[in-house]
Each structure stands twice: as structure tokens, then as C-alpha cells.
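Breakdown of the fold
Next come the chains, spelled out residue by residue.
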Amino acid sequence: MEDERRDGDGDGDRNRALTATRFSDLEPPLSEPVLEALSQAGFEFCTPVQAATIPLLCSFKDVAVDAATGSGKTLAFVVPLVEILRRSSSAPPKRHQVLGIIISPTRELSSQIYHVAQPFISTLSSIRSLLLVGGAEVKADMKKIEEEGANLLIGTPGRLYDIMDRMDTLDFKNLEILILDEADRLLDMGFQKQITSIVSRLPKLRRTGLFSATQTEAVEELAKAGLRNPVRVEVRAETKQQDDSASSRDAAPSKTPSGLFLEYLECEADQKPSQLVDFLIKNKSNKIIVYFMTCACVDYWGAVLPCLSALKGLSLVPLHGKMKQIVREKALASFTSLSSGVLLCTDVAARGLDIPGVDCIVQYDPPQDPNVFVHRVGRTARLGRQGTAIVFLLPKEESYVEFLRIRRVPLQQRECNDNVLDVVPLMRSAARKDRDVMEKGVRAFVSYIRAYKEHHCSYIFRWKELEVGKLAMGCGLLQLPGMPEVKHHSLSTEGFTPVEDINLEEIKYKDKSREKQRQKNLRAKKEAPQKDPKTHKPNKNANAASSVMRKKTAKQRRAAQTIEDEDEMAQEYRLLKKLKKGTIDEDEYAKLTGTEDLL
């Protein structure tokens, strides 16, 4: 594999991300229609990744591109793809003759690529492009292909695999170019099987571009299998050093954009909400993305933050992967159109999406996968602009800072502001007034602990050292749930003050229709035993077992209880794996683990 490295240079403004190379200077030269489309979109000079990659792909080379996020990768493959399709044949392609495929990991990213590519594809009068993503009926896509045809497919691996598997009408024999965008994420999300199947159906004599912000062993394996003698393009940004020590005289290569200022804030779990609200108040005029670990956490913060008068007037937009596709699209479009506001999201928005004008990234929860850290912060400081990113860490997570530094992601400490409004009482008040907020708080708490157990860096994020008392306060809980992880492990409940003189059953939904249905369900539950009374026969075996238990020594009883606890936790772990695979949903998981009453 050949190597070609391009280093970012400049002085920190927008030009920092650009080279002195104009698109019109590239060799082989770009066509007039493409240059015109670039000019109309305001692009004159290339970014380093574009200057390095476009000539290679246009010169019949395969490329494996390793570039910092926000470096202009989309145009780096869209422009050569269009040029290759223009030169591929003098005659217009047949309706079902596929000449190009672009694969990306998420619906949102595929949709973004599709729309970025349209002004350039429109210069090819005979080429029809089609977006293929989940969220819509596959039969509708098949019908559209049958009736209208498709020469360029842009989409997610799942839907592309499905279409290729079901349709014999598509002809891939003359395919010219395959692009795999966010290749590491494609593999992380478990699309290896689909990608292998897709690639196996394509001709070997094609151009292939593999683009990624992080190079992993799996990506290297994919490159070996899918690329022919590729040229490696590595584009590195440079970090500004924060001191004048001898070791900092030379700029160190960084995995993050050069205009990005990275910070971490260390505070206890029960202080995090107040620190977050303080940050949002001080940055009301900015466009901010706040990342949480789970969908349930996004749902909770999306419900409780609007209840705080300090944030009145602030646009808060929730977005996560369990929302319906149309809701996700509306949320993304809504936030994109805002000049200021807050997107509350999971990692569904961490990769590839180019949301304009994002000023700040807040990682309220560090990601389970450390590779995702770079992609989260890469939503700001794009194409040479300035941006700020801050990650919240618990005191016991501080070694994550050194871990990131070793991975070329240096962080500066941000002082915790002691003079902030304590919002926890306000969050608990919101929970008392609306059952929806209360239930979402419990779900967020439970999901956070279970997600924490799955951290890739388990030696830093040790779930058995979680202080669940402070965490429960930070989720605005009124009482501490009796979930298995809390009952069976000596997790610290210090710092939690339960709300006295309250019956959780009496807390009503603000939504009157939901409350009416809840009351109906409660009445049905009370009446059920009266309608079908069950006569309970004494269980002799149970009595005998309890008698044996009483005869055991205290040590024997503890040993028996430990075995029972371990069996329960093993069963719960099996269910957790099913939940992660999507075999069961959260409601089924709650029922099977006996935690549905908490919600």
C-alpha cells in the first residue's frame, strides 16, 4: 500500500482547512460542468483530503483515506465519482445498469451524501441516482427501481443488501466505482456480513474508495479484501500546544480538527445537571449538541429541561435511534435550520453529519466506544472553523484524560463552577407534577447503569464503583429503584435523599388522556383477582425447602443466596445481550427482569 500524507497548516481560521490548490488546477482536470457546480456552491480551493484523493481516484487508483472528521471527505469522493461516471461510457447506461455505489452507516448520513451529491449528479443527464435507506417499505424502493431504473445507489448496507438480494433486474457487471464511507463505523455497527456480500457481487475491475476517521484492524482487513493495491491517504491536523515547554515546540499530530478547543469538566453525578444547565444558559446564543449514553437519557432530558424556567425560550431538540424515521428527519431538519439551540442526542448523530454552524459539543456522558469520541467532537470546528467541546467526567473517571492524550486527543481542564443554580430540586419538582417526567427519569437511571456496564474501557469506567445514590439524585429521582444491580451489589447509595411523604402511585400524568388510561388500567388490575379468585394450595416442597434453609448455618445461607444472586445476574446478562442485538425491546426486558414496576 502506497502512502500519501497531507498535514493541515495555517493560522486557525477557515483557510486553515484549505490548501493553495484550486479545483481547476487538479490533474487530471475536472470537467467544466463539475467546476461550474463547485463554483456555484462556493468551492474554489481544495481541502488537503480533496487535493490528495480526487486526482488518485480520477487516475484509476484505489484509495484508503484516513482523515480527521470535518475535513471535507464527502466532496473528496463525490467529485471523482461523478467524473468517473461521465467518462465511463459515451452511450447512456441502461435503466437498471448500476455504475456506482456509495455505502454509509446511517440513514441520516446517506441522506446527507445524497443531497450534497445532487448538484454534481445533475450534470450527468443520463444518470439516475437513488437513495436506499431503512425506515420506508422496501417494496416501495423495489417498485421505484423497476419503474424508473437506477444507475447510482446511495444508501445503508442493510437496505442495499436487501435490494440486491431480492432483485435480479439490477446489473452490476459494469460497475465503475464503490465508496465505503465511515468504514470503521460500518464494521462497528455489525454490517460486515452485508458489506462482504455486496462486495462479492461486484466486478473486481472497479475503483474503490474507503474513507474513515479511525483506522482499525477490521478496517485494514476490509481494505485488503476490497481494494486493489490502494494508496493510503492520511490527512493530519495539527494541535495548538497549551504551554511553552521544550516538548511542545513542535506541533503534535492530532486526530481532531485544528480549530477545536477540547476541555473536560470533573464533577460528581449529582452536580452534573446544574453544571449542564449553567453551560447552556451561558451559551444561549450558540448552537450546541449534547450527547447522552442512551435513548432513555435523551427522552428524560428532553422532557425535564423544558420544565426549568432558567432555560425558557431555548430550543431543545431530542434525537435518537429509536425514534421513527420521519421523526428523526424532522428533528434533524429543525436543528439544522436553527441559528441557536440545543440538540439532545445519542451517537446516532455522531458520525459524518455536517450540521452547519455548530459552536459547542457537550458530552454529558462519555461514549461507550472511545473511537466515537473523535466523531462526536468532530461535529464542530468543521472545515477550519473554530469550535469548543467539553466532556463531563466523574472523579473516578479522570484517567480517561490520559487515555485520550495517548490516543492524540489532548484535553484541557475546565474548572467546575461552584456558583450555579441547584437544579436537582427543580427536576424532582417536575417529576412530582408529571408522571411522564418521573417515569422517564427512572428509565434514564436504569438504562445508564446498564449501558455503563458495557463500556469498552471497563478498567476506567468501573460500574461496580458507581455511586448510584448521587447518580439517582442527578436523574431527579424521588425514590431509589430496587433494580438488581443495586440490590445485589454493594454500590454506594450515599448522597441520595428520598422524598418523604409521597405515594408514587398517586403521581398523575399531565396528559389527561394518558392519565385516564392509567386509571382504567389500575381499576382493571384491582378487579382482576375478584373476578378470578385463585385457591392457593399449600406447597409442601416449599415448606420443606424453607425448613432445610432454617437448619443451615448462616454461612451456608449466605453461600446459597450468593449462588441465587449469581444465577439471576447471569440470566439478566443474557437478556441484556438480547436487548443489545434487538431480539427483545426495553419493555420486554423490563418485564423479564422484573423491573417493569419501576417504570
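Each value, and the rule that gives it
Residues numbered from 1 in each chain as written. Predicted model: local features only at pLDDT ≥ 70, side-chain atom pairs only at ≥ 80, totals over all residues. Heavy atoms only, no water. Helix = DSSP H or I, 4+ residues; strand = E, 2+ residues; numbered from the N terminus. Buried < 20%, exposed > 50% of the residue type's maximum accessible area, 1.4 Å probe, protein only. Salt bridge = Lys/Arg side-chain N within 4 Å of Asp/Glu carboxyl O. Phe/Tyr/Trp six-rings, centres within 6.5 Å; stacked < 30°, edge-to-face > 60°. Lys NZ or Arg CZ within 6 Å of the ring centre and 35° of its normal. Pairing = 2+ DSSP bridges. Right-handed = clockwise from strand over helix to strand, strands pointing away. Axes fitted to C-alpha atoms, helices over the stretch in contact; angles between N-to-C directions. Contact = heavy atoms within 4.5 Å. Core = buried A, V, L, I, M, F, W, Y, C linked by side-chain atoms within 4.5 Å. Domains from an automatic or database assignment. UniProt positions renumbered as here; feature names shortened; annotations may be inferred. Arc of directions from axis to C-beta. pLDDT = per-residue confidence, 0-100. Parallel < 35°, antiparallel > 145°, perpendicular 65-115°, else oblique. Nonpolar A, V, L, I, M, F, W, Y, C, P; charged D, E, K, R; others polar.

**Overview of the overall build of the chain**
The helix and strand inventory of the chain stands at 22 helices and 16 strands. By residue count, 52% of the 599 residues in the chain fall in the buried class.

**What to know about the pattern of salt bridges**
All chains considered together, the criterion is met by 23 salt bridges. Residues Asp162 and Arg166 are paired through a salt bridge, measuring 3.0 Å at the closest nitrogen-oxygen approach. Of the two residues, Asp162 and Arg166 both sit in helix H6 (residues 157-166), 4 residues apart, roughly one turn of that helix. What makes Asp162 partly exposed here is its relative accessible area of 22%.

**Regarding the packing of aromatic side chains**
All told, the structure shown has 11 aromatic pairs when counted by the stated rule. Here the aromatic residues Phe373, Tyr400, Phe403, Tyr448, Tyr452 and Phe461 are joined through ring pairs into a cluster of three or more. In this structure, Lys272 packs its charged tip against the face of Tyr364, placed 4.4 Å from the ring centre. The ring of Trp463 has Lys453 lying over it, and the distance from NZ or CZ to the ring centre is 4.7 Å.

**A short note on the pairing of strand S13 (residues 341-345)**
Counting buried residues along S13, 5 of its 5 residues qualify, which places the element largely inside the surrounding structure. Of the strand pairs in this sheet, strand S11 (residues 287-291) and S13 are connected by 5 bridges, and their pairing is parallel. Bridged to Ile288 within S13 is Val342. With 4 bridges joining them, strand S12 (residues 316-319) and S13 adopt parallel strand pairing. Within S13, the position partnered with Val317 by the bridge is Leu343. As a crossover connection, the stretch from S12 through helix H12 (residues 325-337) into S13 is right-handed.

**Digging into the sheet that holds strand S15 (residues 387-393)**
Taken in spatial order, the 7 strands make up an open sheet running S12-S13-S11-S14-S15-S10-S16, and their pairing is parallel. A single partner strand is all that each edge strand has here, and the edge strands are S12 and strand S16 (412-414). Averaged over all neighbouring strand pairs, the angle between strand axes comes to 25°, with direction disregarded. Pairing between strand S10 (residues 260-266) and S15: 7 bridges, direction parallel. Bridge pairing in S15 links Tyr264 to Val391. Packing of H12 onto the sheet brings it into contact with S11, S12 and S13, and relative to S12 it is tilted by some 145°.

**Looking at the nonpolar core**
Counting residues in hydrophobic clusters, the biggest one holds 139 residues, and the most contacted among them are Leu280, Val290, Leu305 and Phe445. Examining the composition of this core, we find that 10 residues originate from one element, helix H16 (residues 435-452), more than from any other. Two domains each put at least three residues into this core: domain 1 (32-235) and domain 2 (260-488). If sequence neighbours within four positions are ignored, Val290 has contacts with Leu276, Leu280, Val342, Leu343, Leu344, Cys345, Val362 and Tyr364. Judged by nonpolar contacts, the second largest core, of 33 residues, contains Leu160, Met167, Ile195 and Ala223.

**What to know about the UniProt feature "short sequence motif: Q motif" (unreviewed entry) in the chain**
Cross-referencing UniProt, the feature "short sequence motif: Q motif" (unreviewed entry) maps to residues 23-51 in the present numbering. Helix makes up 45% of residues 23-51 and strand makes up 0%, while its end C-alpha atoms are separated by 8 Å.

**Quick word on the pairing of S15**
The element S15 is extensively covered by neighbouring structure, given that 6 of its 7 residues are classed as buried. Two elements, strand S14 (residues 360-363) and S15, share 4 bridges in a ladder whose sense is parallel. Pairing of Gln363 across the sheet is with Val391, part of S15. In the classification by handedness, the crossover that spans S14, the intervening helix H13 (residues 371-377) and the parallel S15 is right-handed.

**Notes on helix H14 (residues 399-406)**
Along H14, the residues that are buried comprise Tyr400, Val401, Phe403 and Leu404. What you see down the axis of H14 is that its buried residues fit within an arc of 160°, all on one side. Looking at the packing, one finds that the buried side of H14 touches S10, H13 and S15. Among the residues trailing H14, Arg408 stands out with phi positive, at a value near 65°.

**Concerning the environment of Val82**
In this fold, Val82 is placed in helix H3 (residues 73-88). Residues Val82 and Val34, spaced 48 residues apart in sequence, show a C-alpha to C-alpha distance of 8.1 Å. With near-sequence residues (within four places) excluded, Val82 lies in contact with Val34, Phe120, Ile121, Thr123 and Leu124.

**Side note on the confidence of the model for the chain**
Looking at the chain, the pLDDT average stands at 85 and 82% of residues meet or exceed 70. Taking the mean pLDDT of every element in the chain, the minimum, 49, falls on helix H20 (residues 540-551) and the maximum, 98, on strand S3 (residues 100-103). Low pLDDT, under 50, characterises residues 6-16; the predicted model gives this stretch 22 contacts beyond four residues in sequence or across chains. Taken as a whole, residues 544-549 scores under 50 in pLDDT and shows 2 contacts with residues more than four places along the chain or in a different chain.

**Thoughts on the side chain of Glu108**
Tracing the backbone shows Glu108 in helix H4 (residues 107-121). Accessibility expressed as a relative area gives 6% for Glu108, which makes it buried.

**Examining unusual backbone geometry**
A cis amide bond links Glu27 with the next residue in sequence, Pro28, at an omega value of -5°. Tracing the chain through its elements places Pro28 in the loop between strand S1 (2-7) and helix H1 (32-40). Phi is positive for Asn229, close to 45°, though the residue is something other than glycine. Tracing the sequence through the fold places Asn229 in the loop between helix H9 (217-226) and strand S8 (231-238). The exposure class of Asn229 is exposed, given its relative accessible area of 57%.

**A look at helix H2 (residues 48-58)**
Burial runs high along H2: 11 of the 11 residues are buried. Taken together, the buried positions of H2 are Pro48, Val49, Gln50, Ala51, Ala52, Thr53, Ile54, Pro55, Leu56, Leu57 and Cys58. A positive phi of about 65° marks Phe60, the residue just after H2.

**Brief notes about the packing of helix H15 (residues 424-433) against H16**
At a minimum axis distance of 5 Å, the contact between H15 and H16 shows a crossing angle of 120°. In terms of their interaxial angle, H15 and H16 are classed as oblique. Contacts between H15 and H16 involve Ala430, Ala431 and Lys433 from the former and Arg435, Val437 and Met438 from the latter. Taken together, the residues of the contact of H15 with H16 sort by class into 4 nonpolar, no polar and 2 charged.

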